[in-house]
Amino acid sequence: MVNELINVTRRQIVRQVGHWTMAASRLGELESLIAPSAWEGLEYYLGTAVRQRLREAVDQLLRQGDQLHAALNAAHDDDALDQVRRQLVDFRKRYLRTEITLDFYADAINIRTNPHLAALLRACDALAYRSMAQVLDPIGKPIPLVLTYVDKGLGASILKAGLRLWDQRTESPAAAIKIVYHNLYRPTALIHETGHQVAHIVGWNNELAAALEETFAEVSPEVAEMWAGWASEIAADAFAFAHTGYAAVAGLHDVLSGSDGFVFRHRLGDPHPISYIRVLLGIEMCRQFYGAGPWDDLVRVWTKAHSLKNARLSTGKLLQQSLPLLPKVVHIVLRTPMRAFRGRALGRLIDPSRVSPASLIQLERQLGPALYTSMHWIWTEALRLLALTGLQVATMPEQSAEILKKQEAWMLRLGASLKAA
């Protein structure tokens with residue numbers, strides 16, 4: 001009777017082990033998950049890196065499956081079978097985590113089966129990479145690969161390169177950055193996300209948090225803690241501003257604009273600043289580096305649409321206490337030397353004056369149509385082109401359709417050249 005029960009138990013485990021290990025082996029068939037034409041939408045070195053990392057994830061799972069089979073073959077009593085059952089549960093969890101990893105990259109890459117979209121995303125890959133190179137190259141840090149993809153939603157996001165993936169064993173082979181459909185033709189949010197990656201690599205967030213906490217300590221411990229908790233998002237906003245100027249601020253405004261409930265929302269532990277003051281911080285960056293400009297109209301409309309009287313009493317008090325210190329915050333983030341940048345300020349590594357309205361207008365005047373058609377100028381000035389387009393859309397909204405067509409055209413040229421390369 002005991003032997004019969006052991007045999008029945010064993011058969012049940014054999015069936016389950018067979019099911020999950022066969023499923024694991026099918027995960028290794030990457031071509032069944034990711035279309036060949038989608039792989040072609042990636043630059044060669046990026047595709048190679050992603051393939052290699054996904055293979056590693058599957059191979060590690062398969063090795064665990066081999067160990068599970070070996071344990072099962074050696075199990076001939078209740079205690080041993082109980083141990084195999086526990087190993088099976090662990091293997092199933094590992095399989096599901098590995099499946100999530102592959103599914104994420106399959107979704108991100110398969111979007112490139114559309115040649116038009118693939119070209120635009122290759123251009124986004126290049127913009128993101130170039131934005132990081134301008135900071136990481138001078139301080140001797142390696143620049144991660146970039147995989148951009150497009151998805152629904154309101155804002156962009158990033159899975160940073162080098163982080164552990166869902167299988168908890170494999171590291172992300174690239175900075176995987178989501179661009180949302182509505183911002184595909186003015187993707188300044190892309191540069192915000194690369195700012196997160198750069199801050200992570202150089203260890204800027206903690207240093208900035210300490211500087212902000214010290215600055216706001218004169219107000220109150222509560223306000224100081226609040227601003228320190230916002231350091232990572234403030235860093236990314238400043239990074240995007242340094243690269244794309246007012247375009248980044250206008251784009252951020254359009255994402256954060258909403259009801260008073262949304263604009264004044266304050267949640268403990270949320271790394272995102274309250275939207276009301278986040279927009280005002282971006283406008284202060286423009287004022288300090290560019291003086292008067294279209295952002296002055298933006299601030300009038302913003303503060304009229306969202307009166308502090310409509311904020312909750314506690315939130316309104318925090319904001320009122322913070323407003324006078326915005327110039328200090330800008331100075332800390334963009335003008336203060338940081339250990340993370342080898343004793344240099346972010347604004348020295350990426351000079352925001354290169355994307356001032358005056359500089360961008362002069363760039364277009366000097367180069368004329370060649371700025372949008374010459375591969376030399378598109379490659380050299382891609383980030384400034386992004387800044388210029390964003391500036392024009394923000395200041396000449398009646399011409400947005402025409403402006404964005406030019407943006408699409410040069411991005412397609414850039415993406416096509418990268419595929420050829």
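Scroll up to find the structure this text is about.
Predicted model, so just to flag it, every value in this text is computed and none were measured.

A.B. asks: Is there a simple way to think about the overall build of the chain in this case?
C.D. replies: Helix and strand counts for the chain stand at 22 helices and three strands. Its C-alpha atoms put the chain at 90 × 55 × 40 Å along the principal axes. Counting every position in the chain, which comprises 421 residues, the buried fraction comes to 52%. When contacts within the chain are restricted to residue pairs at least 6 apart in sequence, those whose partners lie at least 24 apart make up 74%. Approximately 19100 Å² of the chain is accessible, and the part contributed by carbon and sulfur atoms is 53%.

A.B. asks: Looking at this model, I keep getting lost on the sheet that holds strand β3 (residues 175-180). Mind explaining?
C.D. replies: For sheets, the rule is that strands pair by backbone hydrogen bonds, running either parallel or antiparallel. Spatially, three strands are ordered β1-β3-β2 in an open sheet, and the strand pairing comes out mixed. Strand pairing shows two members of the sheet lacking a second neighbour, β1 (146-151) and β2 (157-159), which therefore form its edges. Taking each pair of neighbouring strands and ignoring which way they run, the sheet shows an average axis angle of 25°. Bridge count for β2 against β3 is three bridges, and the pairing is antiparallel. Note on β3: the bridge partner recorded for Ile158 is Ile177. Along the sheet, helix α6 (residues 115-136) makes contact with β1 and β3, crossing β1 at roughly 130°.

A.B. asks: When you look at helix α11 (residues 246-256) in this model, what are you seeing that I'm missing?
C.D. replies: Residues spaced three or four apart along an α-helix face the same direction, because each turn holds 3.6 residues. For α11, a buried count of ten out of eleven residues is recorded, marking the element as mostly surrounded by other parts of the structure. Along α11, the residues that are buried comprise Tyr246, Ala247, Ala248, Val249, Ala250, Gly251, Leu252, His253, Val255 and Leu256.

A.B. asks: Even after reading the chapter, I still don't get the packing of aromatic side chains, so can you show me in this structure?
C.D. replies: In this description, a pair of aromatic rings is defined by centroid distance and the angle of the planes. Going through the model one piece at a time under the given rule, you end up with twelve aromatic pairs. Taken together through their ring pairs, the aromatic side chains of Phe241, Tyr246, Phe289, Tyr290 and Trp295 make up a single cluster. Above the plane of the ring of Trp39 lies Arg51, whose end atom (NZ or CZ) is 4.1 Å from the centre.

A.B. asks: Can you help me understand helix α5 (residues 78-110) in this one?
C.D. replies: With 33 residues, α5 extends 46 Å between its outermost C-alpha atoms, agreeing within 8% with the 48 Å of an ideal straight helix rising 1.5 Å per residue. Where α5 begins, the side chain of Asp77 points an oxygen toward the backbone nitrogen of Asp79, at a separation of 3.2 Å.

A.B. asks: Mind showing me how you'd approach unusual backbone geometry here?
C.D. replies: With glycine set apart, most residues show a phi of negative sign, and most peptide bonds adopt trans. Of note in the backbone geometry, Gln168 takes a positive phi value of approximately 65° without being a glycine. Locating Gln168 in the fold gives a position in the loop between β2 and β3. At Arg342, a residue that is not glycine, the phi angle is positive and equals roughly 55°. With respect to the helices and strands, the residue Arg342 is situated in the loop between α16 (326-335) and α17 (346-349).

A.B. asks: Would you take a moment to explain the nonpolar core for this structure?
C.D. replies: Most often, soluble globular proteins keep nonpolar side chains buried together rather than apart. By size, the foremost hydrophobic cluster in this structure holds 100 residues, and its most contacted members are Trp204 and Trp227. No other element matches α6, which puts twelve residues into this core. By size, the runner-up hydrophobic cluster in this structure holds 40 residues, among which are Ala24, Trp39, Leu54 and Leu147.

A.B. asks: Explain the pattern of salt bridges here, please?
C.D. replies: Any two side chains of opposite charge can pair, so long as their charged atoms come close to each other. The full count for this structure, using the stated rule, is 16 salt bridges. The shortest N-O distance in the salt bridge between Glu56 and Arg53 comes to 3.5 Å. You can see Glu56 and its partner Arg53 sitting in helix α4 (residues 44-74), three residues apart, about one turn around the helix. By relative accessible area, Glu56 is classed as partly exposed at 30%. Of the residues examined, Arg53 reaches a relative accessible area of 22% and is grouped as partly exposed. Linking Glu381 and Arg384 is a salt bridge whose minimum nitrogen-to-oxygen distance equals 3.4 Å. Looking at Glu381, the relative accessible area reads 8%, which means it is buried.

Scoring rules and cut-offs
Residues numbered from 1 in each chain as written. Predicted model: local features only at pLDDT ≥ 70, side-chain atom pairs only at ≥ 80, totals over all residues. Heavy atoms only, no water. Helix = DSSP H or I, 4+ residues; strand = E, 2+ residues; numbered from the N terminus. Buried < 20%, exposed > 50% of the residue type's maximum accessible area, 1.4 Å probe, protein only. Contact = heavy atoms within 4.5 Å. Areas by Shrake-Rupley, 256 points an atom, 1.4 Å probe, with all protein chains shown as cover. Pairing = 2+ DSSP bridges. Axes fitted to C-alpha atoms, helices over the stretch in contact; angles between N-to-C directions. Phe/Tyr/Trp six-rings, centres within 6.5 Å; stacked < 30°, edge-to-face > 60°. Lys NZ or Arg CZ within 6 Å of the ring centre and 35° of its normal. Expected span 1.5 Å × (residues − 1). Polar contact = N/O pair within 3.5 Å; in protein donor to acceptor, adjacent residues only side chain to side chain. Core = buried A, V, L, I, M, F, W, Y, C linked by side-chain atoms within 4.5 Å. Salt bridge = Lys/Arg side-chain N within 4 Å of Asp/Glu carboxyl O.

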